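# Residue-level structure breakdown
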Amino acid sequence: MDARITFVTLAVTDLAASRRFYVDGLGWTPAFEAEGEVIFLRVAPTVMLSLWSRAGFEAEVGPLPTAGGLAPFTLSHNMPDPAGVDAVLADAAAAGAEITRPAQRREWGGYSGYFADPDGFRWEVAYNPGPVGVELMQAAGLV
């Protein structure tokens, strides 16, 4: 099996609120939308972020645990420089995101901060000056 991710799917409690945040607030364009059910947002040439109503998600995948709490992962949005990190965090806040950790320099040379979307999913916004970060920015055509 090839190492590849083509969809990241989030089960959201209020699809309309998620749409307002990602589409109206952040300005992302849906690649596909089934009103009240699911929205696909292209986040890379071969990767979609799928926002699926929790009810629709559970009908397809099975019930989710009822215990609350933060999902133990982050989605990451890398930028080519620290100023870009600050700009993305400002855009997210303007769209209604909660900034859960302001951007700060990391001991390894990076710079990152975090925000939460309407369902509390955490996004890291980061500048990574190391080889992997540079490779990702080059592949995205950002440097």
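Anyway, here's the lowdown on the structure attached to this text. (Residues numbered from 1 in each chain as written. Predicted model: local features only at pLDDT ≥ 70, side-chain atom pairs only at ≥ 80, totals over all residues. Heavy atoms only, no water.)

### A word on the pairing of strand S8 (residues 122-127)
Defined as follows: Relative accessibility thresholds used throughout: buried, under 20% of the residue-type maximum; exposed, over 50%; partly exposed, between the two (1.4 Å probe, protein chains only). Here a strand is any run of E in DSSP of at least two residues, a helix any run of H or I of at least four, and the numbering for each starts at the N terminus. Whether two strands pair depends on DSSP finding at least two bridges between them.
The buried fraction of S8 is high, at 5 of 6 residues. Pairing analysis gives 6 bridges linking strand S5 (residues 74-79) to S8, with the strands arranged parallel. Across the sheet, the residue bridging to Met79 is Tyr127, located in S8. Counted along the chain from strand S7 (residues 111-116) to the antiparallel partner S8, the turn is 5 residues long, and its residue Gly120 has a positive phi close to 90°.

### Let's talk about the sheet that holds strand S4 (residues 47-53)
Rules: Axis definition: a line fitted to C-alpha atoms, limited for helices to the stretch in contact. Angles are taken between N-to-C directions and run from 0 to 180 degrees. Contacts were defined at the residue level, with two residues in contact if any of their heavy atoms lie within 4.5 Å.
Judged by pairing direction, the sheet is mixed, and its 4 strands sit side by side in the order S1-S4-S3-S2 without closing on themselves. Among the strands making up the open sheet, the edge pair consists of strand S1 (7-12) and strand S2 (30-34). Between one strand axis and the next, the sheet turns by 15° as a mean value, whatever way the strands run. Bridging between S2 and strand S3 (residues 38-44) involves 4 bridges; their strand directions are antiparallel. Note that in S3 the partner of Glu33 across the bridge is Ile39. Contacts from helix H2 (residues 54-61) reach S1 and S4 within the one sheet, and its direction differs from that of S4 by about 100°.

### With respect to the pattern of salt bridges
The cut-off we apply is this: We count a salt bridge whenever a side-chain nitrogen from Lys or Arg sits within 4 Å of a carboxyl oxygen from Asp or Glu.
The tally for this structure, following the rule as stated, stands at 3 salt bridges. Between Asp24 and Arg19 there is a salt bridge; the shortest N-O distance is 3.5 Å. Classification of Arg19 as partly exposed rests on a relative accessible area of 28%. Here Glu58 and Arg54 are joined by a salt bridge, their closest N and O atoms 3.6 Å apart. Here Glu58 and its partner Arg54 are both found in helix H2, 4 residues apart, which amounts to about one turn of the helix. Among the residues examined, Arg54 registers a relative accessible area of 29% and is labelled partly exposed. Each of Arg19, Asp24 and Glu33 takes part in a single network of salt bridges with overlapping partners.

### Notes on the nonpolar core
Our working rule: What is meant by a nonpolar core is a set of buried Ala, Val, Leu, Ile, Met, Phe, Trp, Tyr and Cys residues, joined one to another through side-chain atoms within 4.5 Å.
Judged by nonpolar contacts, the single largest core of 24 residues is most densely connected at Leu10, Tyr22, Leu49, Leu51 and Phe115. Within the residue set of this core, elements represented by two or more residues are S1, helix H1 (15-25), S3, S4, S5, helix H3 (82-94), S7 and S8. Apart from residues lying up to four places away in sequence, Leu51 is in contact with Leu10, Val12, Leu15, Ser18, Tyr22, Glu37, Val38, Ile39 and Leu41.

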